[in-house]
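Letter by letter, the chains look like this.
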Amino acid sequence: MDLFRKVITQPGKPQDFALQTVQQAIKPQRQTKLVQDENQLLENILRTLLQELVSAAVQSGETTMQYGESIDDGENTQGQVPRLLDIVLYLCENEHIEGGMIFQLLEDLTEMSTMRNCEDVFGYIESKQDILGKPELFARGKLVMLRTCNQLLRRLSKANDVVFCGRIIMFLAHFFPLSERSAVNIKGVFNVSNETKYENQAPDGVSIDFNFYKTFWSLQEYFSNPASIGVATTKWHKFSSSLTVVLNTFEAQPLSDEESSTNNLEDEAATFSIKYLTSSNLMGLELKDPSFRRHILVQCLILFDYLKAPGKSDKDVPPETMKEEIKACEERVKQLLVMTPPKGEKFLHSIEHILERERNWVWWKRDGCGPFEKQPIEKKTVRDAGKKRRPRWRLGNKELSQLWKWADQNPNALTDPQRVRTPDVTEYWKPLAEDMDETAGIEAEYHHKNNRVYCWKGLRFSARQDLEGFSRFNSDNGIEGVVPLEIMPPEVRSKYQTKPSDRSKRPKKEETKSTANQAEENQIATPASEVDEGNRPDLEASVAPMDTDAANVSPEEHQKQTPDTDGGQEPGQIDEPDPDQEADHEPEPGMIDGEN
């Protein structure tokens, strides 16, 4: 401690002797960086020395930051306490000691100092803001600095120390990044402790309407906590009725430019109190004060802006009737602000701009306070941009050219049978069958039936491999009806199974008629093919087996045929013609291909 007490009285820059002093006092294991135990020992020494300096300053009657002012650094003169803080700040900045030590000393200094001395201490903090805000120091001491500033704000008077409070708030706004959540009122909690007390009983000799007085000051209960109104219509009606009385009074007693000249808002020497007096004897004078009226009217706009704030859930949104009433009241308030001199219209534009920015902050907070920082874009010079040309590919684009290059390197790549393979319809529909299983717990938005490409490919595969399943695709079953029954979940399989009575509803007379008319239809088709004598034996060969089969089937055997074995088609099923017969036989106009 004696070494540091001697060092802070010596002139010179901290980098010339700070590290050597620490090495002599602590004798660390490493030459340039202290370990944890050594940091704790050094912190105890410095905090004890700081306490002794503050105590000596109090006993001598000097200010804390000017005590022992005998160090001449060439251009300015410093006290011993700022000298000690500069040495510690240099060591923390260069990572010779733990980075949060300077913040701890500043917190101790503000706690040991009076409010007059705290203003000087805070001036030192503001002068070192750039160094304290460096990433290596900010990460270690941001919470300590926030706690220090909050303690100062609690000790200060909001009415008498307005400037000092503003300095602290501005420092926090610059010291912390915009996306810092510790400085954001995420839940939007209001300061309900700010109560406005007013008279409940009329005093003797009052010259104003006391009911208006109570109605006027009762509005402060809603202004201090707008959330109390919410979507409750009863509270809103009570507030709107009271506000209507106040607005009617403002409109009935307009202010002139002469009256406003006695209270010039642009006077730089004018001081404005943040809380007005509520005495009933002052009510008449306050109504003639333009700043007082603007104070009340701006409070109304803030409350309206909260009630219709963006991003609320459906249950917090006010009803349509309430929205219309809010809009009507808002128009009246804006008109009164324009009528309030001086420069009412300009004042209204400024307030609207502020409220617009406030709505943007509300959106930002409700979206999770996303970071504002964006990565810088690399700047490209005009010369580089002019030299850059669009690449030319051999086959039009990069993918096709790369594919062609692979084919040249591997000739068997395009002829590999495993490369192009039509999947089995049962294997293809398995993902959709798993979606149909309710026990799987797959959400509806992730079902494969929502993928149009997947469904379109599956219908093509089913049309080629599974006509029975393809026939189940209709408006009732949807795409899920195409899934093969064997891979469907058991609990939904019965829904898509086709009943035996529904498979074939063709009458027996129609079947008999079709069998009896086969020979006649073949005879009709024969003359059209007589032009080509060479093809006639083939046609007779193709017709003869059909006639023979039809003739050998007895009526009893025909009635015993099941729907699975008869020649009738199921609904939606399409017969594919024989390629040989299709090549040799072209149907006449009016005939349906495949209906024999």
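Everything below is about the structure shown above.
This text gives an overview of the structure that appears in the document. All of these numbers come straight from a predicted model, not from anything done at the bench.

**A closer look at the packing of aromatic side chains**
Thinking step 1. For the structure on display, the rule yields 23 aromatic pairs.
Thinking step 2. Pairwise contacts between aromatic rings join Phe122, Phe138, Phe164, Phe171, Phe175 and Phe176 into one cluster.
Thinking step 3. The ring of Phe347 carries the charged tip of Arg294 above its face, separated from the ring centre by 4.3 Å.

**Considering unusual backbone geometry**
Thinking step 1. Residue Pro342 is reached from Pro341 by a cis peptide bond, and omega for that bond is -5°.
Thinking step 2. Phi at Glu95 is positive, roughly 60°, even though this residue is not glycine.
Thinking step 3. Of note, Glu95 is situated in the loop between helix H4 (80–93) and helix H5 (101–112).

**Looking at the packing of helix H11 (residues 233–252) against helix H15 (residues 320–339)**
Thinking step 1. Across the interface, H11 lies against H15 with an axial gap of 11 Å and an inter-helix angle of 25°. Here H11 is positioned roughly parallel relative to H15, judged by the angle of their axes. In terms of crossing hand, the pair formed by H11 and H15 is left-handed. Together, Trp236, His237, Leu243, Thr244, Leu247, Asn248, Phe250 and Glu251 of H11 and Met322, Glu325, Ile326, Cys329, Arg332, Val333 and Leu336 of H15 make up the contact between the two elements.
Thinking step 2. Considering only residue class, the contact of H11 with H15 consists of 9 nonpolar, 3 polar and 3 charged.

**Focus: the pattern of salt bridges**
Thinking step 1. All chains considered together, the criterion is met by 16 salt bridges.
Thinking step 2. Arg47 is the salt-bridge partner of Asp108, the closest N and O atoms lying 2.6 Å from each other. With a gap of 61 residues between them, Asp108 in helix H5 and Arg47 in helix H3 (residues 36–60) connect regions that are remote in the sequence.
Thinking step 3. Its salt-bridge partner being Glu93, residue Lys134 comes within 2.6 Å of it at the nearest N-O pair. Placement of Lys134 in the loop between helix H7 (129–132) and helix H8 (135–155) and of Glu93 in helix H4 is noted, with a sequence separation of 41 residues between them.
Thinking step 4. Relative accessible area serves as the criterion here: at 25%, Glu93 is assigned to the partly exposed category.
Thinking step 5. In the salt-bridge network here, residues are joined through shared partners; they are Lys308, Glu330, Lys334 and Glu352.

**Considering helix H10 (residues 210–224)**
Thinking step 1. Over its 15 residues, H10 runs 22 Å from end to end, which matches the ideal 21 Å to within 8%, given 1.5 Å per residue.
Thinking step 2. Restricting attention to buried positions, one finds in H10 the residues Phe210, Phe212, Tyr213, Phe216, Trp217, Ser218, Leu219, Gln220, Tyr222 and Phe223.
Thinking step 3. On its buried face, H10 is in contact with H11, helix H13 (283–287) and helix H14 (290–307).
Thinking step 4. Backbone nitrogen of Asn211 and a side-chain oxygen of the N-cap are separated by 3.2 Å at the start of H10; the cap is Asp209.

**Things to note about the nonpolar core**
Soluble, globular proteins show a tendency: their nonpolar side chains are buried together.
Thinking step 1. One finds Leu42, Ile102, Leu132 and Met145 to be the most contacted residues of the largest nonpolar core, which totals 55 residues.
Thinking step 2. Among the elements of the structure, helix H1 (2–7), helix H2 (18–26), H3, H4, H5, helix H6 (115–127), H8 and helix H9 (162–175) are those that each provide at least two residues to this core.
Thinking step 3. Top contributing element to this core by residue count: H4, with 9 residues.
Thinking step 4. Sequence-distant contacts of Ile102, that is, excluding residues within four places in its chain, are made with Leu85, Val88, Leu89, Cys92 and Leu132.
Thinking step 5. Judged by nonpolar contacts, the second largest core, of 35 residues, contains Val246, Phe250, Leu336 and Leu355.

**Quick look at H8**
Thinking step 1. For H8, spanning 21 residues, the distance from its first C-alpha to its last is 29 Å, which sits close to the expected 30 Å at 1.5 Å a residue.
Thinking step 2. The sharpest bend along H8 comes to roughly 60°, located at Gly141.
Thinking step 3. Restricting attention to buried positions, one finds in H8 the residues Leu137, Phe138, Gly141, Val144, Met145, Leu146, Thr148, Cys149 and Leu152.
Thinking step 4. On its buried face, H8 is in contact with H4, H5, H6, H7 and H9.

Each value, and the rule that gives it
- Residues numbered from 1 in each chain as written.
- Predicted model: local features only at pLDDT ≥ 70, side-chain atom pairs only at ≥ 80, totals over all residues.
- Heavy atoms only, no water.
- Phe/Tyr/Trp six-rings, centres within 6.5 Å; stacked < 30°, edge-to-face > 60°.
- Lys NZ or Arg CZ within 6 Å of the ring centre and 35° of its normal.
- Helix = DSSP H or I, 4+ residues; strand = E, 2+ residues; numbered from the N terminus.
- Axes fitted to C-alpha atoms, helices over the stretch in contact; angles between N-to-C directions.
- Parallel < 35°, antiparallel > 145°, perpendicular 65-115°, else oblique.
- Left-handed = near helix turned anticlockwise from the far one by under 90°.
- Contact = heavy atoms within 4.5 Å.
- Nonpolar A, V, L, I, M, F, W, Y, C, P; charged D, E, K, R; others polar.
- Salt bridge = Lys/Arg side-chain N within 4 Å of Asp/Glu carboxyl O.
- Buried < 20%, exposed > 50% of the residue type's maximum accessible area, 1.4 Å probe, protein only.
- Expected span 1.5 Å × (residues − 1).
- Polar contact = N/O pair within 3.5 Å; in protein donor to acceptor, adjacent residues only side chain to side chain.
- Core = buried A, V, L, I, M, F, W, Y, C linked by side-chain atoms within 4.5 Å.
- Bend = angle between axes of the 7 residues up to and from the residue.

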